[in-house]
Amino acid sequence: MSLTKLRLPTLLKISSEKKTISRLKKDNKHLNLKLSQLQALLEEKEAQLGQSKRNMGATNSSTTSSGVDNENLHLSTSSEEICAPTTSHLGRKEPSEDCTAAEPAKIISGRVKSSSGHDLYSASTLHASYSGIDETAQRFYGSYFVENGREVLGEEEFPEVNVEFQETFLGHTSPITRCRFSASGNNIASASVDGTVRIWTYDSSISASRNATIYCGAEIMSLDWECKSDRLLLLGTAEEGIKAWNVDAKRVVCDLNTTEAFPSVLDLKCSPVEPIFVSAASSRRLGSNSIDSLGYASLTVWNMKTWKAMMVLPLGEDPLAITSLCFNHNGKILAASATDGMIHMFDMSAGIQITGWPAHDSAISSLLFGPDETSIFSLGADGKIFEWSLQNQGSVLWSKTSSRFSDYDTSKYCRHEMALDANGRQLLVTSGSVRAPIYQVRGHSNGLRTLPHSAAITTVDWHPTLPIFLTGSADNSVRVTSIL
């Protein structure tokens with residue numbers, strides 16, 4: 001009798017818990033339905049807004065041509081072009097060993113029909129499956145503005161890239177922080193917030209012998225491949241670490257440390273000529289996002305034969321954090337961008353700063369030399385992109401504003417970046433949206449936009465010789481896209 005009395009409350013408790021679970025499931029289903037309805041309503045409103053802006057653009061364009069208003073009218077600030085004649089929360093994974101070989105990585109192939117007649121998925125099918133937005137909303141989603149009397153597409157209205165094939169790599173379990181093609185383009189390194197680096201290849205004709213998983217125990221903030229041999233990968237962490245991984249030996253060949261004062265290794269760049277690399281490390285401070293949390297800078301030149309520090313490049317008193325580095329083609333000039341909006345240029349043979357100028361009103365997230373090295377590109381934390389002349393210092397050759405795509409206020413763990421294709425004509429930029437814009441540098445045509453991920457695009461790179469690009473996302477995936 002006493003046993004029955006004991007069991008009865010337990011059974012009642014189980015029954016109550018089951019009812020609670022059932023009620024919560026119903027509530028969850030109801031909330032999901034409400035969310036779907038709100039998303040549909042939002043898309044409808046965006047479509048209406050896009051149509052209204054088109055009508056306004058057409059009206060104002062007509063007014064301008066009739067002589068009522070001779071000024072160029074810009075109806076959207078989401079995209080801007082200027083041509084001037086004259087700028088962590090750590091997720092740890094503690095492995096039994098420092099590095100292990102990779103498990104078989106998941107790569108999903110999504111191929112579209114190409115001009116050569118391959119039997120592939122259609123771009124519209126891929127588009128619909130990833131975005132979940134109907135054709136009408138897609139057609140009207142976006143904004144227009146008028147430039148020199150002609151209607152110009154805003155970023156959200158850029159035509160979708162014409163894709164030859166796309167591969168999706170699903171080997172990560174947290175948001176992607178960096179992804180890079182090797183110097184030959186045969187291998188890819190991708191890193192995530194949890195401190196994991198994966199080395200893999202998208203081409204089945206290339207040997208997978210280099211494929212590996214590297215556990216660093218700290219968030220990966222920077223990646224760079226050694227330029228000549230294509231065998232070494234440098235990794236920079238948020239916890240004072242710089243590792244050199246030999247992809248053939250599949251092991252860490254050197255484990256360096258920055259000082260405690262500068263724990264965050266924000267960027268690493270190997271010289272294209274000499275066996276040296278430069279690290280940009282930063283101190284920390286309290287901040288609402290990845291840029292605001294950066295403090296002061298330290299720039300160190302390392303020898304890749306002895307694995308010892310050679311010198312510290314001068315930055316002046318209390319220099320603010322350096323976010324991005326790039327060498328020119330012969331390795332004689334190093335450019336560095338800072339959180340105070342400055343661009344610094346160094347003579348590497350002398351180890352001195354030779355020039356610098358204030359390029360942005362905000363922090364600079366990314367820096368690239370132009371293809372002919374007579375210019376340099378900078379991406380600001382406000383989404384502004386400038387191409388600066390190196391022959392007439394301080395002169396802007398071309399500019400864009402990608403603030404609609406680059407939602408920096410929500411970037412808690414990534415610093416936005418950009419990448420130029422092999423011809424230097426297409427500039428791919430990370431995005432707070434599920435799509436990334438590809439701008440036509442100094443071109444008259446509109447830009448393009450990538451096929452969508454399911455979350456923000458946090459890192460990008462171009463193949464060194466082919467029209468193939470990488471996009472890493474907060475949805476934990478990396479995509480390799482070949483365009484026609």
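Predicted model only: the values in this text are computed from it and were never measured. Position numbers for residues count from 1 along each chain, tracking the sequence in the order it is written. Residues qualify for local features only when their pLDDT is at least 70, as the model is predicted, and side-chain atom pairs are given and counted only at 80 or more; totals for whole chains, interfaces and linings, by contrast, use all residues. By convention in this description, side-chain values take in all heavy atoms of the structure and omit both hydrogens and water.

Participant: Please explain the overall build of the chain as it appears in this structure.
Facilitator: On a plain count of helices and strands, the chain comes out with three helices and 32 strands. For the exposure calls, accessible area comes from a 1.4 Å probe over protein chains only, and a residue counts as buried if that area is under 20% of its type's maximum, exposed if over 50%, partly exposed in between. Here the chain holds 484 residues, and the buried ones make up 50% of them. With the model as given, the accessible surface of the chain reaches about 22700 Å², and the carbon-plus-sulfur share is 52%. In this text, helices come from DSSP runs of H or I with a minimum length of four residues, and strands from runs of E with a minimum of two, each type numbered from the N-terminal end. All accessible areas in this document rest on Shrake-Rupley with a 1.4 Å probe, and a residue is counted as covered only by the protein chains that are shown.

Participant: Please clarify how the packing of aromatic side chains should be interpreted in this entry.
Facilitator: The relative placement of two aromatic rings is captured by the distance of their centres and the angle of their planes. Two aromatic rings from Phe, Tyr or Trp, using only the six-membered ring of Trp, form a pair when their centres are within 6.5 Å; if the ring planes differ by under 30 degrees the pair is stacked, by over 60 it is edge-to-face, and anything between is tilted. Counted according to the given criterion, the structure contains ten aromatic pairs. Judged by centre distance (6.4 Å) and plane angle (50 degrees), the rings of Phe277 and Trp307 are tilted. In this pair, Phe277 sits in strand 15 (residues 276-284) while Trp307 sits in the loop between strand 16 (294-303) and strand 17 (308-312), placing the two residues 30 residues apart along the sequence. Owing to a relative accessible area of 0%, Phe277 belongs among the buried residues under this scheme. Look at Trp307 and you get buried, because its relative accessible area is 17%. Here the aromatic rings of Trp357 and Trp388 are separated by 6.2 Å at their centres, their planes lie at 65 degrees, and the arrangement is edge-to-face. Here Trp388 lies in strand 24 (residues 384-389) and Trp357 lies in strand 21 (residues 352-358), a separation of 31 residues in the sequence. One exposure class covers both Trp357 and Trp388, and it is buried.

Participant: I tried to follow the sheet that holds strand 14 (residues 264-270) on my own but got confused; where do I start?
Facilitator: Sheets are built from strands that pair by backbone hydrogen bonding, the pairs being arranged parallel or antiparallel. In space, the four strands of this open sheet follow the order 14-15-16-17, with antiparallel pairing throughout. Whereas interior strands pair on both sides, the edge strands pair on one side only; in this sheet they are strand 14 and strand 17. This sheet shows a mean twist of 30 degrees between the axes of neighbouring strands, independent of strand direction. Direction of pairing for strand 14 relative to strand 15: antiparallel, over a ladder of six bridges. Of the residues in strand 15, the one forming a bridge with Val265 is Ala281. Two strands form a pair only when DSSP identifies at least two bridges running between them. Axis definition: a line fit to C-alpha positions, over the contact stretch in the case of helices; interaxial angles, taken between N-to-C directions, run 0 to 180 degrees.

Participant: What am I meant to see in the sheet that holds strand 11 (residues 232-237) here?
Facilitator: Pairing is antiparallel in the open sheet, where four strands are placed in the order 10-11-12-13. Looking at strand neighbours, the two that pair on one side only are strand 10 (220-225) and strand 13 (251-257), the edges of this open sheet. Neighbouring strand axes in the sheet, compared pairwise and without regard to direction, differ in orientation by 20 degrees on average. Where strand 10 and strand 11 come together, five bridges link them in antiparallel fashion. Bridge assignment links Leu223 to a residue of strand 11, and that residue is Leu235.

Participant: I would appreciate a short explanation of the side chain of Ser482 in the present structure.
Facilitator: Note on placement: Ser482 falls in strand 32 (residues 478-483). By relative accessible area, which is 4% here, Ser482 ends up buried. Contacts: residue pairs with any heavy atoms within 4.5 Å of one another. Contact partners of Ser482, with chain neighbours within four places excluded, come to Asn162, Val163, Glu164, Phe165, Pro467 and Ile468.

Participant: Please clarify how the pairing of strand 22 (residues 364-369) should be interpreted in this entry.
Facilitator: The two faces of a sheet get side chains in turn, since along a regular strand they alternate between them. Across the six residues that make up strand 22, a large majority, five, are buried. Between strand 22 and the antiparallel strand that follows it, strand 23 (residues 375-380), lie five residues; Glu373 among them carries a positive phi value of about 60 degrees.

Participant: What exactly am I supposed to notice about the pattern of salt bridges here?
Facilitator: Working definition: two side chains of opposite charge can pair if their charged atoms are close together. Should a side-chain nitrogen of Lys or Arg be within 4 Å of a carboxyl oxygen of Asp or Glu, the pair is scored as a salt bridge. Summed over all chains, the structure comprises nine salt bridges. For the salt bridge of Glu417 with Arg178, the shortest nitrogen-to-oxygen distance reads 3.6 Å. Placement of the pair is Glu417 in the loop between strand 25 (396-401) and strand 26 (418-420) and Arg178 in strand 6 (residues 176-181), with a sequence separation of 239 residues. Members of the salt-bridge network, linked through shared partners, are Arg178, Arg180 and Glu417.

Participant: Help me understand unusual backbone geometry in this model?
Facilitator: A negative phi angle characterises most non-glycine residues, just as the trans form characterises most peptide bonds. Its identity is not glycine, yet Trp307 carries a phi of approximately 55 degrees, on the positive side. In the Ramachandran plot, Glu373 falls in the positive-phi region, its phi being about 60 degrees despite a non-glycine side chain. Topologically, Glu373 is positioned in the loop between strand 22 and strand 23.

Participant: Looking at this model, I keep getting lost on the confidence of the model for the chain. Mind explaining?
Facilitator: Note that predicted coordinates carrying low pLDDT should not be read in detail. The predictor reports its confidence for every residue as pLDDT, a score running from 0 up to 100. For the chain, per-residue confidence averages 77 on the pLDDT scale, and 67% of positions sit at 70 or higher. Confidence drops under a pLDDT of 50 for residues 60-104, and excluding neighbours within four residues, the segment shows 101 contacts in the predicted structure. Below pLDDT 50 for its whole length, residues 111-153 participates in 103 contacts with residues either more than four positions away or in separate chains.

Participant: It is not clear to me how the side chain of Thr459 should be interpreted in this structure. Could you clarify?
Facilitator: By the secondary structure assignment, Thr459 is in strand 30 (residues 457-462). In this structure Thr459 touches Ile176, Thr177, Arg178, Cys179, Arg180, Glu417, Thr430, Leu470, Thr471 and Gly472, once residues within four positions along its chain are discounted.

Participant: What am I meant to see in the pairing of strand 6 here?
Facilitator: The buried fraction of strand 6 amounts to six of the six residues, a majority that puts the element mostly inside the structure. Pairing geometry for strand 6 and strand 7 (residues 188-192), over five bridges, is antiparallel. Its bridge partner lying in strand 7, Arg180 is registered against Ala189. Here strand 6 folds back onto strand 7 in antiparallel fashion, the turn holding six residues, of which Gly185 has a positive phi close to 85 degrees.

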